[in-house]
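Residue-level listing of the chains:
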Amino acid sequence: MPHHSGTPEIPDGMSHDARETWPSPELISSWLGDIDLDVEWRPGEGSSVHADDPEAVAAARRFRDVLGSFASGVTVVTSTSNGEPVGMTCQSFSSVSLDPPLVLFIPAKTSRAWPLMQRSGKFCVNFLAADQADLSNTMASRGTDKFADVDWAPSAATGSPLFADTVGYVDCTIHAVHEAGDHYVVIGRVVDLGLQGAETPLLFYKGQYRSTD
């Protein structure tokens, strides 16, 4: 198909009035969810639902409202990829087993950070302190330089980014990965862990940051 100067080329098979008939950016966003973030709140919280199915929308809203009433801590899961730090904010974290020492977190299948972590075979879970909401927001973004102004050092066991002034951390190797709907359940074997000194954790409850104060 010929290309007209100053006019974007229309791909084969697409009608010439496609630009006029294509859904609005706002409608596309309502289908896809927040594509500018790479953050894992409770499973279902960030999952998109087709807006043309009222029953599905209502069911998803109820799921999110009920599960959002369970307060939990906020973590940042980190790793490295080709020598570069990667990370994502994650609420869906839990301990699993004492013997062997296992924990889990639950990334969405759409996560950009998780495939990089999976290839590395390791990750570190940083438990954020009450005054680290800005760090949570930074790590939830999809910017390429989000570690630039953050105080971190490689963890002793896996070399994954470990942030300063957190409540604590667990450093892990990937033990198992299970598919679960639109998410993965990632089981990590703890190889090192510790407390960092902060005593008040950052919490997430009903869609907002909270603390124990």
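Residues numbered from 1 in each chain as written. Predicted model: local features only at pLDDT ≥ 70, side-chain atom pairs only at ≥ 80, totals over all residues. Heavy atoms only, no water.

What about the nonpolar core?
Item 1. Val77, Phe105, Met117, Phe123, Val170 and Cys172 are the most contacted members of the largest nonpolar core, which totals 15 residues.
Item 2. Contributions of two or more residues to this core are made by β4 (84–90), β6 (102–105), α4 (113–120), β7 (122–127), β10 (168–180) and β11 (183–195).
Item 3. Ignoring sequence-local partners within four residues, the contact set of Phe105 consists of Val77, Met88, Cys90, Ser92, Phe93, Trp114, Met117, Phe123, Tyr184, Val185 and Val186.
Item 4. The next biggest cluster of nonpolar side chains, apart from the first, holds eleven residues, and it includes Val74, Leu128, Ala133 and Phe204. (Core = buried A, V, L, I, M, F, W, Y, C linked by side-chain atoms within 4.5 Å. Buried < 20%, exposed > 50% of the residue type's maximum accessible area, 1.4 Å probe, protein only. Helix = DSSP H or I, 4+ residues; strand = E, 2+ residues; numbered from the N terminus. Contact = heavy atoms within 4.5 Å.)

Looking at the packing of aromatic side chains
Item 1. Within the structure shown, the criterion is met by six aromatic pairs.
Item 2. Relative to Phe127, the ring of Phe93 lies with its centre 5.5 Å away and its plane at 50 degrees, an arrangement referred to as tilted. Placement of Phe93 in strand β5 (residues 93–97) and of Phe127 in strand β7 is noted, with a sequence separation of 34 residues between them.
Item 3. Consider the rings of Phe105 and Phe123, whose centres lie 4.9 Å apart with planes at 70 degrees: the pair is edge-to-face. Separated by 18 residues along the polypeptide, Phe105 in strand β6 and Phe123 in strand β7 bring together distant segments of the chain. The burial state of Phe105 is the same as that of Phe123; both residues are buried.
Item 4. The ring of Tyr184 has Lys109 sitting right over it, with the charged end atom 5.6 Å from the ring centre. (Phe/Tyr/Trp six-rings, centres within 6.5 Å; stacked < 30°, edge-to-face > 60°. Lys NZ or Arg CZ within 6 Å of the ring centre and 35° of its normal.)

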